[in-house]
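# Architecture at a glance
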Amino acid sequence: MVIFPIIIIVSAVFYIYYKVAILKEKSTLTQKYYNGRAKSCLGAFLIAFAINQYTLYLTQLSLLIGLVIFVLGLMQLIRGFKEARHYQKEWRRLHPQ
């Protein structure tokens, strides 16, 4: 299963990218948008990590721990997408073209 380590690495890189982008940005609205994107990347990282750990070990303990990490990742992913979408709509409302 090569796909899960790739997803883990890519989501970790994007998480770090968005966290650094928050520091560079001066607008609080854009900072909150980047924070929402970072949360969704963190959620993808946790989900892929949980699935990868279960497929490596295939034990009940890894299943239990993987389910907890999966649920936390899913919550982060959903919240991050909602926040990013909300702040993107706010930015478009404040900056009409």
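To keep things clear, this report deals only with the structure shown in the data block. A quick note: this is a predicted structure, and the numbers were derived from the prediction, not measured.

## A closer look at helix H2 (residues 28-57)
A rise of 1.5 Å per residue sets the reference length of H2, with its 30 residues, at 44 Å; its end C-alpha atoms lie 43 Å apart and thus fit the reference within 8%. Phi for Leu-58, located one or two positions after H2, is positive at around 55°.

## Description of the pattern of salt bridges
Using the criterion set out here, one finds three salt bridges in the structure. Between Lys-39 and Glu-83 there is a salt bridge, and its shortest N-O distance comes to 3.1 Å. Of this pair, Lys-39 sits in helix H2 while Glu-83 is found in helix H3 (residues 60-94), placing the two residues 44 residues apart along the sequence. Residue Lys-39 shares its accessibility class with Glu-83, and that shared class is buried. In this structure, Glu-83 and Arg-79 form a salt bridge, with 2.9 Å as the shortest nitrogen-oxygen distance. Of this pair, Glu-83 and Arg-79 both sit in helix H3, four residues apart, which is roughly one turn of that helix. What you see here is one network of salt bridges that share partners, running through Lys-39, Arg-79 and Glu-83.

## Concerning the side chain of Ser-40
Within the element layout of this structure, Ser-40 appears in helix H2. Residues within four places of Ser-40 in sequence aside, it is in contact with Gln-76, Leu-77, Gly-80 and Phe-81.

About the cut-offs
- Residues numbered from 1 in each chain as written.
- Predicted model: local features only at pLDDT ≥ 70, side-chain atom pairs only at ≥ 80, totals over all residues.
- Heavy atoms only, no water.
- Helix = DSSP H or I, 4+ residues; strand = E, 2+ residues; numbered from the N terminus.
- Expected span 1.5 Å × (residues − 1).
- Salt bridge = Lys/Arg side-chain N within 4 Å of Asp/Glu carboxyl O.
- Buried < 20%, exposed > 50% of the residue type's maximum accessible area, 1.4 Å probe, protein only.
- Contact = heavy atoms within 4.5 Å.

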